[in-house]
Amino acid sequence: MSKLKLTGKELRQLGYPEGPVISIAMNLVQKHYKYESKEQALDLLKAVLQGPSGFLSDPVLAAVAQQLVPPPPKETDGIDVSLNQSGIAFNIFGREHIEEGALAQMYTAAKLPVSIAGALMPDAHYGYGLPIGGVLATRNAVIPYGVGVDIGCRMCLSLFDIDPKELTNREHYFVRELNEATLFGSGAQFTRAEDHAVMDHEAFQQLSFLKELHGRAWKQLGSSGSGNHFVEFGIVEIDEADAILQIPPGPYLGLLSHSGSRALGAAIANHYTKIAISKRRLPQDAKNLAWLDLNEQEGQEYWLAMNLAGDYASACHHIIHAKIAKQLGRKPLKMVENHHNFAWKEQLDGEEVIVHRKGATPAGKDVLGIIPGSMTAAGFIVKGRGETAAINSASHGAGRKMSRSRALQSITDADLKKELSKHGVKLISAGLDEAPFAYKDIEVVMKSQRALVDVVGKFTPKIVKMAGDKIRKWQEKE
């Protein structure tokens, strides 16, 4: 017997209003009534629409009914919230390498009334709201700035059965492919939009706020942004076979990308952070940790928008990798990807919690991920060990040890040129604020999290493209 499949159009024809309720209703009914006929399912949803108050205690349909009953009075908004005097205990990995500002931010997050567990990764540094490298589990609450501005930012690695010596023998060819595959820069847009199913996501129609972002998001689909985002070719080394990775030992050509959800994610983060701050007034030092309850409309809207941004970020990577694979004339043997700057519903000690990983890699048991170093330092393909002390997480990279302004003040073109030459790396473009000296030693970071992940492969960058000013004169000569 085929499983039940509903569409948003069918629910709208019943009279369901535009908004998250359509997605919520479809998902719940398709999950819990999947073997009912479509006619029976639609009759049930019609009954909920006509009398939602009668379903508020229903174990399955209460979430739909809550969306349909009149909203609570406005005076319940804008409440003052105090922090707990003592915060929850949380584990710190590589504490000796973490700046005091990041530690202070995590201690503040631990005092939130909704916090129930936390961890700080060895690449942690100061951020907004949660520190970068902060992991926080909450009870039925999502913190927009606990997720971050670049929602769903991710790593994506394609392994090709191509001799990596080709990167040296045909360097100009690979440089051209990186230049043509994507765009860098905070406002970068394509003249001609790519075609991808993510742009038909129902969230764009359900939330008027997202509908307004649709056009720009489409033009940025497949672009890479600025900051520490990159696309690079390198050498992948697999020393021994692994049952999860399933790649024979040997050297491979790798294509690694790092970027997120572009202007779409930033707009979602800022929009819902303002709402969260207006609904829950926290002390000044915790202001950006304001949360949305997942039982309230704004929380459900954010959850829907956040997941759209995650899907959008993934689509950007897949478009880039598909373009390059087509030019290489090869399908990748394996693609490994993971995201950070996201919130997940997970089980912790038998309870469903919301796990925020802001600049932290999911590292559940046997979950594959990528932890990069810098433009000259190796990155690692890892397999999670499912360590509950870290809430099934690991670092998302080496982590910054210099602020961008300090890096620009202290690093010279000559310094960078010498370091690139030392490691045999061809840099197409980047800002000095992304020079290797601005980052922690990835080897030290990896030693600090040996209990969290196992290394199953290594990626050494060789041709790197990032956002940056015009190509510098010494790069033109090369």
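Rules and cut-offs
Residues numbered from 1 in each chain as written. Predicted model: local features only at pLDDT ≥ 70, side-chain atom pairs only at ≥ 80, totals over all residues. Heavy atoms only, no water. 1 Å grid on protein atoms, 1.4 Å probe; cavity = no way out; pocket = protein on both sides within 12 Å on 5 of 7 lines; lining within 4 Å. Points joined across faces, edges and corners; volume = space filled by probe spheres on them. Helix = DSSP H or I, 4+ residues; strand = E, 2+ residues; numbered from the N terminus. Nonpolar A, V, L, I, M, F, W, Y, C, P; charged D, E, K, R; others polar. Axes fitted to C-alpha atoms, helices over the stretch in contact; angles between N-to-C directions. Left-handed = near helix turned anticlockwise from the far one by under 90°. Contact = heavy atoms within 4.5 Å. Pairing = 2+ DSSP bridges. Expected span 1.5 Å × (residues − 1). Buried < 20%, exposed > 50% of the residue type's maximum accessible area, 1.4 Å probe, protein only. Disulfide = S-S within 2.5 Å. Phe/Tyr/Trp six-rings, centres within 6.5 Å; stacked < 30°, edge-to-face > 60°. Lys NZ or Arg CZ within 6 Å of the ring centre and 35° of its normal.

**A word on empty space enclosed by the protein**
Logical step 1: On inspection of all chains with the given rule, the structure shows 1 cavity of 30 Å³ or more.
Logical step 2: One number sums up the size of the largest cavity: a volume of about 40 Å³.
Logical step 3: For the lining of the largest cavity, the secondary-structure elements that each account for two or more residues are helix H11 (214-220) and helix H12 (262-279).
Logical step 4: Among the elements that make up the lining of the largest cavity, the one with the highest residue count is H11 (3 residues).
Logical step 5: Of the residues in the lining of the largest cavity, the class split is 4 nonpolar, 1 polar and 1 charged.

**A closer look at the packing of helix H8 (residues 171-181) against helix H13 (residues 297-328)**
Logical step 1: At a minimum axis separation of 10 Å, H8 and H13 run at an interaxial angle of 145°. Between H8 and H13 lies a crossing whose hand is right-handed. Across the interface between the two elements, Tyr173, Phe174, Glu177, Leu178 and Ala181 from H8 touch Ile320, Lys323, Ile324, Gln327 and Leu328 from H13.
Logical step 2: A class-by-class count of the residues in the contact of H8 with H13 yields 7 nonpolar, 1 polar and 2 charged.

**A short note on the sheet that holds strand S13 (residues 351-358)**
Logical step 1: The strand order across the open sheet built from 5 strands is S2-S3-S4-S13-S12, with neighbouring strands paired in mixed fashion. Each end of this open sheet is capped by a strand with a single partner; those strands are strand S2 (91-92) and strand S12 (342-348).
Logical step 2: As paired elements, strand S3 (residues 115-125) and strand S4 (residues 132-138) share 6 bridges and run antiparallel to each other. Opposite Leu120, over in S4, you have Gly134 as the bridge partner.
Logical step 3: Running over the sheet, helix H5 (residues 100-109) touches S2, S3 and S4 and is turned about 170° from S3.
Logical step 4: Most of the contacts of H13 go to S12, to which it runs at about 110°, and overall it touches S12 and S13.

**Details of H13**
Logical step 1: Taking 1.5 Å of rise per residue, the 32 residues of H13 would be expected to cover 46 Å, and the 47 Å separating its terminal C-alpha atoms lies within 8% of that figure.
Logical step 2: Of all 32 residues in H13, 23 are buried, a share of seventy percent or more.
Logical step 3: Following H13 by one or two positions, Gly329 has its phi on the positive side, about 70°.

**What to know about the state of the cysteines**
Logical step 1: Evaluated as defined, the whole model comprises 0 disulfides.
Logical step 2: The cysteine Cys316 is free of any disulfide, with Cys153 supplying the nearest cysteine sulfur at 11 Å.
Logical step 3: Under the relative-accessibility criterion, Cys316 is labelled buried at 0%.

**A closer look at the packing of aromatic side chains**
Aromatic ring pairs are reported here in terms of the distance separating the ring centres and the angle at which the planes meet.
Logical step 1: Across all of its chains, the model carries 6 aromatic pairs by this definition.
Logical step 2: Ring centres of Tyr173 and Phe174 lie 5.1 Å apart, and the angle between their planes is 80°; on these two criteria the pair is classed as edge-to-face. Accessibility assignment for this pair places Tyr173 and Phe174 in one class, buried.
Logical step 3: Each ring, one from Tyr272 and one from Tyr302, has its centre 5.7 Å from the other, and the planes form 70°; the classification is edge-to-face. Highlighted residues: Tyr272 in helix H12 and Tyr302 in helix H13, separated in sequence by 30 residues.
Logical step 4: Overall, Tyr272 belongs to the buried group, its relative accessible area being 0%.
Logical step 5: An aromatic cluster of three or more residues is present, and its members are Tyr173, Phe174 and Phe233.
Logical step 6: Positioned over the ring face of Tyr173 is Arg170, at 4.2 Å from the centre of the ring.
Logical step 7: It is Arg400 that lies over the ring of Tyr439; its NZ or CZ is 5.2 Å from the centre.

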